[in-house]
Structure formats: structure tokens, C-alpha cells
Amino acid sequence: MPSLPAVLPLRSGAELRRWQFGDRDALMSEVNENHEHLQPWMPWAAQPATVESITTFLDEAIAAFDADLDYAYGLFGDEDRVLGAGGVHRRDTAEVLEIGYWIAQAQSGRGLGREVGRALTVAASNAPGIVRVEIRCDEANVRSASIPRALGYELVEVYERPREAPAHTGRGMVWSIPAETGRTI
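Conventions adopted
Residues numbered from 1 in each chain as written. Predicted model: local features only at pLDDT ≥ 70, side-chain atom pairs only at ≥ 80, totals over all residues. Heavy atoms only, no water. Helix = DSSP H or I, 4+ residues; strand = E, 2+ residues; numbered from the N terminus. Rg over C-alpha atoms; globule rule 2.2 N^0.38 Å. Buried < 20%, exposed > 50% of the residue type's maximum accessible area, 1.4 Å probe, protein only. Contact = heavy atoms within 4.5 Å. Areas by Shrake-Rupley, 256 points an atom, 1.4 Å probe, with all protein chains shown as cover. Lys, Arg positive; Asp, Glu negative; His and termini not counted. Charge placed at Lys NZ, Arg CZ, Asp CG, Glu CD.

### A closer look at the overall build of the protein chain
Within the protein chain, the regular secondary structure consists of 6 helices and 8 strands. Ordering the α and β elements of the protein chain from the N terminus gives β-β-α-α-α-β-β-β-α-β-α-β-β-α. Taken over C-alpha atoms, the radius of gyration comes to 15 Å for the protein chain, in line with the 16 Å a tight globule of 185 residues would show. Over its C-alpha atoms, taken along the principal directions, the protein chain stretches across nearly 40 × 35 × 30 Å. Burial statistics for the protein chain: of 185 residues in total, 47% are counted as buried. Considering only intrachain contacts with a sequence separation of at least 6, the fraction spanning at least 24 residues in the protein chain is 64%. A total of about 9200 Å² of accessible surface is found on the protein chain, and carbon and sulfur atoms cover 49% of it. For the protein chain, the distance from the average position of its 18 positive side-chain charges to the average position of its 27 negative side-chain charges is 6 Å.

In C-alpha cells, the structure reads:
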């Protein structure tokens, strides 16, 4: 997988920055503060975060970023407050990258998710050899689906999938944008 930048600045002044070990306590606090907000949609949020689970996540995320295998970012605001997270992931083929994101409940509805989606789309689209970028979410996750729609992604597939989180319907959506278009959104 091609190397992506360690920091992606956003228009709002927030930034996406690769996770560091020093982010552990802030991340654990924000995930737990947002547990009820995340748990219906995110399989990894089935239980509240622990020092062990966050340490394991950070170990894996940092190693994968260093190895150019996967790119997990924290979304940071003033004074390094965690506002959410995002990532760029290889899924099915070498030419396709998938982006994902979550925004803290207190930050929802302010356009930050769209900013994160835009920054991740541009970064993924500019990676060498990438022909398209995808966003996947459950059919019932209307808020998450509004982001690819607003960014010009096209809904290309609705498919049956296992229900992995309580609010999942078992129907996933695949949103896609050509890398050529994603570079300029």
C-alpha cells in the first residue's frame, strides 16, 4: 500500500493525525464518553474501552501505519482533544481503498464528518495506483450515508451482510468515487 501523510489538516482547524501512544488516555476517554453513540453502529464498540483494548488498538494501528499497510488517524481539535477518528484501509483489491470515520456525538451536525470524509478521500485518491475509493456503511445509518452523498460518491451496491452491531440491518451500502474525481473534491 502506498504511503499516506501522517497529518491531514482540515479547513475547520482540526486535523487528522496518525495515532501515537501518547493519545491512549484521550482516546479511551472519548470512546467511553461516546459509547452509547458508537455502540449501535461500530462492532468494536460492543463493550466500553479499557486500557488494554486501547493499547492493543494503538499498537496495531501504529505498526500498520509504519508498515504502509493501513492508516488509522485520530481527529484532533484544540489542545489535542479527540473529536473522532478516521482511516484508510485496503479491502478487496490493490486498486481500491476504503475510508471510514466516526465523529464524537458532541461534534455531530457541524460538518466535521464531511471534512474528514473529504480529507481522507483526497489522500486515498492521490495514492499511486488507486482507481477508486469506497465508503461502506449499513443501510440504516442515514447520518453516515449522508457524507458520501454530499461528497459526490455514487451508491453502487446494496448487499446482504452479517449484522455485526445492534443497529445493523444486515444490508450494507457501498459508495464509490473514481480516484480522478476524489482528488479534487
